[in-house]
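Chain residues, written in single-letter form:
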Amino acid sequence: MRRSCYLVPNVTRILSGRHLSWQAQSSVIVERPPQCQPPLDPLLAKYQQMRETLRTERSVYSDFELAAESKREDIIKERKQKFPPKSKYDLPEYFSSADEKALLDPTQNDDYLPLKPQQTSHQDTSSVHLIKPYSSVFLIVKTEEGWTFPHKVVDKEASLEEAAVAAVAGHPSNKDLTVRVTSGLPISVHTNKYSKRYQQHTELTGVKTFFMKSKLDGGNFTGDSFRWCTKDELGDFISKDVLKCVEPCLK
């Protein structure tokens, strides 16, 4: 059986001793991996600087290239002093590709290089890549029952992967977010058994939630019915039993 074609044709018809069926739904854990390396501690930063100096000394750069390398370091240092990040999550672009092009062009005037870097902030939710860039973050959505992971009831003869993708694509807050499911089989299963009264009302024993792991391909949600949380922050929104169940998805 192919992992990417894991169908659940009979899950919604698994009969218990009371001849009630379980409802199956697929829940997707959407992860955006870390976007950059955390700042180095002073000792490692000094060691890295020594290696860069040694690399430059042993290189076959021309005098012009060596001067450009030195000037690049001076520009970055000057900009960091004048425009320091407001927090560890701010990511100013101290030296852009346009700066690099201008620096290596001998016909450009020194005044061409901009004096102030483009400012970006972790509070800018238009780009998911700027949110807590040093950590993995996971998507949760707000429902009537509270905060949870995107989920959808598995249609008859549909696969868990198809339901997971549909849970994200069909969410009302989805602007242009797309995901890539990385687990052909569910990572874990959470069982929620209904009360006897609710079983009589729905003719269902309960719901079984199959958790699928995925990676962010691009895009983002919009509005206030979603959040990107680190692993530690999930405990403030998601119930403990669900968190314990999805622990393998968060590693």
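Residues numbered from 1 in each chain as written. Predicted model: local features only at pLDDT ≥ 70, side-chain atom pairs only at ≥ 80, totals over all residues. Heavy atoms only, no water.

Student: Could you give an account of the overall build of the protein, with specific residues and numbers?
Tutor: Along its length, the protein carries 6 helices and 8 strands. Moving toward the C terminus, one meets the helices and strands of the protein in the order β-α-α-α-β-β-β-α-β-β-α-β-β-α. If you take every contact in the protein between residues at least 6 apart in sequence, the share linking residues at least 24 apart comes to 73%. Of the roughly 15,900 Å² of accessible surface on the protein, 51% is carried by carbon and sulfur atoms. (Helix = DSSP H or I, 4+ residues; strand = E, 2+ residues; numbered from the N terminus. Contact = heavy atoms within 4.5 Å. Areas by Shrake-Rupley, 256 points an atom, 1.4 Å probe, with all protein chains shown as cover.)

Student: Any chance you could break down unusual backbone geometry for me, citing the residues and the numbers?
Tutor: Glycine aside, the phi torsion of most residues is negative, and most peptide linkages are trans. Residues other than glycine seldom take positive phi values, yet Glu157 does so here, at roughly 65°. With a phi close to 60°, Glu203 is a non-glycine residue in the positive phi region. Summarising the element assignment, Glu203 is placed in the loop between helix H5 (196-202) and strand E7 (204-218).

Student: Any chance you could break down the pattern of salt bridges for me, citing the residues and the numbers?
Tutor: Summed over all chains, the structure comprises 5 salt bridges. Between Glu52 and Arg55 there is a salt bridge, with the nearest N and O atoms lying 2.9 Å from each other. Of this pair, Glu52 and Arg55 both sit in helix H1 (residues 42-57), 3 residues apart, which is roughly one turn of that helix. (Salt bridge = Lys/Arg side-chain N within 4 Å of Asp/Glu carboxyl O.)

Student: Break down the side chain of Asn220 for me, with residues and values.
Tutor: Relative to the elements of secondary structure, Asn220 occurs in the loop between E7 and strand E8 (226-229). In this structure the side chain of Asn220 is engaged in a polar contact, spanning 3.0 Å, whose partner is the side chain of Trp228. (Polar contact = N/O pair within 3.5 Å; in protein donor to acceptor, adjacent residues only side chain to side chain.)

Student: Describe the packing of aromatic side chains, and please don't skip the residues or the numbers.
Tutor: This structure, assessed with the given rule, holds 4 aromatic pairs. Their ring planes at 85° and their centres at 6.4 Å tell us that Phe149 and Phe211 sit as a pair that is edge-to-face. Of this pair, Phe149 sits in the loop between strand E3 (146-148) and strand E4 (151-153) while Phe211 is found in strand E7, placing the two residues 62 residues apart along the sequence. Plain terms: the ring middles of Tyr194 and Tyr198 are 4.7 Å apart, the flat faces sit at 85° to each other, and that makes the pair edge-to-face. The buried category is assigned to Tyr194, whose relative accessible area is 17%. With relative accessibility at 40%, the residue Tyr198 sits in the partly exposed group. (Phe/Tyr/Trp six-rings, centres within 6.5 Å; stacked < 30°, edge-to-face > 60°. Buried < 20%, exposed > 50% of the residue type's maximum accessible area, 1.4 Å probe, protein only.)

Student: Describe the nonpolar core, naming the residues involved and giving the relevant values.
Tutor: Grouped together as the largest cluster of nonpolar side chains are 23 residues, with contacts concentrated most on Val30, Val168, Leu177, Phe221 and Trp228. Sequence-distant contacts of Val168, that is, excluding residues within four places in its chain, are made with Val28, Val30, Pro150, Asn174, Leu177, Val179 and Phe221. Judged by nonpolar contacts, the second largest core, of 14 residues, contains Phe149, Leu234, Val242 and Val246. (Core = buried A, V, L, I, M, F, W, Y, C linked by side-chain atoms within 4.5 Å.)

Student: So what's going on with helix H2 (residues 63-82)? Residues and values would help.
Tutor: The end-to-end C-alpha distance of H2 is 29 Å, a good match for the 28 Å that 20 residues give at a rise of 1.5 Å each. Restricting attention to buried positions, one finds in H2 the residues Ala68, Glu69, Arg72, Ile75 and Arg79. Within H2, the buried residues cover an arc of 125° as seen down the axis, which keeps them to one side. Turned more than 90 degrees off the buried face of H2, the exposed positions are Asp63, Lys77 and Gln81. (Expected span 1.5 Å × (residues − 1). Arc of directions from axis to C-beta.)

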